[in-house]
Amino acid sequence: MKEKLTKSEIETINLGFSFGKLLEPGMVLLLTGDLASGKTTFTKGIGKALNIKETINSPSYTIMKSYHANNQDFYHFDFYRLTEEGVDFDFEDYIHSSAITVIEWPFNVKSLLPNEYILINIEITNDNERKFTFSSVGEQYEKVINKL
Ligand SMILES: Nc1ncnc2c1ncn2[C@@H]1O[C@H](COP(=O)(O)OP(=O)(O)OP(=O)(O)O)[C@@H](O)[C@H]1O
Ligand SMILES: [Mg+2]
């Protein structure tokens, strides 16, 4: 487990960038935290690290947005408006691929989640301050967190 504090939106993007640089194909990241805690902001930083040129914004209404850069797929899911019953697409094919996958509000589809992942919880500690807690399930993910 590792904790990091950010004091602005930019610092969160930078943290996402550093974290994104450590990722390998196929990795799955679960992002939890209240509304407006910074899940999408952090994801923007990951996108930057993966060299994605498009603007990454919330996929709430579309459930998923996919990006591609440097021969790497990147999937950004947001299950805020969904329950497990509402997942009428092959979610498993997405998460068991060589893509890097970020999932906001993952526990709305709890039974569909993979066995191994990094969980990043974001806590709103102040107006502009956020506490990030990184934890891992699975050996490959533990290594990523140790490097952070
Ligand atoms: N340290 C910080 N890190 C990230 N965002 C911050 C920080 N301080 C303030 N903010 C503000 O908090 C908001 C975070 O919004 P963001 O869309 O990233 O949240 P979210 O967790 O994805 O929300 P949702 O659950 O609605 O998808 C932005 O308005 C941003 O400007
Ligand atoms: Mg969001």
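Conventions and cut-offs
Residues numbered from 1 in each chain as written. Chains lettered and ligands numbered in written order. Predicted model: local features only at pLDDT ≥ 70, side-chain atom pairs only at ≥ 80, totals over all residues. Heavy atoms only, no water. Phe/Tyr/Trp six-rings, centres within 6.5 Å; stacked < 30°, edge-to-face > 60°. Helix = DSSP H or I, 4+ residues; strand = E, 2+ residues; numbered from the N terminus. Buried < 20%, exposed > 50% of the residue type's maximum accessible area, 1.4 Å probe, protein only. Donors = N, O, S within 2.8 Å, 3.2 Å for Na, K, Ca; no water. Near = heavy atom within 4 Å. Polar contact = N/O pair within 3.5 Å; in protein donor to acceptor, adjacent residues only side chain to side chain. Areas by Shrake-Rupley, 256 points an atom, 1.4 Å probe, with all protein chains shown as cover. Nonpolar A, V, L, I, M, F, W, Y, C, P; charged D, E, K, R; others polar. Contact = heavy atoms within 4.5 Å. Pairing = 2+ DSSP bridges. Axes fitted to C-alpha atoms, helices over the stretch in contact; angles between N-to-C directions.

(A) Spotlight on the packing of aromatic side chains. Within the structure shown, the criterion is met by 15 aromatic pairs. Centroid distance Tyr75 to Tyr94: 5.1 Å. Interplanar angle 85 degrees. Geometry classified as edge-to-face. With Tyr75 in strand S4 (residues 72-78) and Tyr94 in helix H3 (residues 91-95), this residue pair connects regions lying 19 residues apart in the sequence. Residue Tyr94 is classed as partly exposed on the basis of its relative accessible area, which comes to 26%.

(B) Expanded view of the coordination of the magnesium ion (ligand 2). Taken together, Thr40 (OG1) and Glu104 (OE) make up the full set of protein donors to the magnesium ion (ligand 2), lying 2.1 to 2.2 Å away. Here Glu104 lies in strand S5 (residues 100-104) and Thr40 lies in helix H2 (residues 39-49), a separation of 64 residues in the sequence. For the pair Thr40 and Glu104, a shared accessibility class is recorded, and that class is buried.

(C) How the structure looks around the site of ligand 1. Among the 19 residues in the neighbourhood of ligand 1, the closest are listed as Glu9, Thr12, Lys39, Thr40 and Thr41. A distance of 3.1 Å separates a nitrogen atom of ligand 1 from a polar atom in the side chain of Thr6. Relative to its unbound accessible area of 650 Å², ligand 1 is 78% covered by the protein chains. At the level of elements, helix H1 (9-20) and H2 are the ones that each hand at least two residues to the shell around ligand 1. If you tally residues by element for the shell around ligand 1, the top one is H2, at three residues. Here the residues of the shell around ligand 1 are counted per class, giving three nonpolar, eight polar and eight charged.

(D) Quick peek at H2. Within H2, nine of the eleven residues are buried, which leaves it mostly tucked inside the rest of the structure. Looking at H2, one finds that the buried residues are Lys39, Thr40, Thr41, Phe42, Thr43, Gly45, Ile46, Gly47 and Ala49. Buried positions along H2 lie against H1, strand S2 (28-33), S4, S5, strand S6 (117-124) and strand S7 (130-137). At the exit of H2 stands Asn51, carrying a positive phi of roughly 70 degrees.

(E) Seen up close, unusual backbone geometry. Within the chain, Ala36 stands out as a residue other than glycine whose phi angle is a positive 65 degrees. When you line up the elements, Ala36 lands in the loop between S2 and H2. Overall, Ala36 belongs to the exposed group, its relative accessible area being 64%. Here the phi dihedral of Trp105 falls at roughly 55 degrees; this positive angle occurs in a residue that is not glycine. On the secondary structure map, Trp105 appears in the loop between S5 and S6. By relative accessible area, Trp105 is classed as partly exposed at 23%.

(F) Quick peek at the sheet that holds S6. One open sheet accounts for seven strands, arranged S1-S7-S6-S2-S5-S4-S3; its pairing is mixed. Pairing within the sheet leaves two strands with one partner each, and these edge strands are strand S1 (2-6) and strand S3 (64-69). Along the sheet, successive strands turn relative to each other by an average axial angle of 20 degrees, direction set aside. Of the strand pairs in this sheet, S1 and S7 are connected by five bridges, and their pairing is antiparallel. When the sheet's bridge partners are listed, Lys2 is paired in S7 with Phe134. Sheet strands in contact with H2 are S2, S4, S5, S6 and S7, and its direction is about 150 degrees off that of S2. Its contacts with the sheet put helix H4 (residues 139-147) on S1, S2, S6 and S7, and the angle it makes with S7 is roughly 145 degrees.

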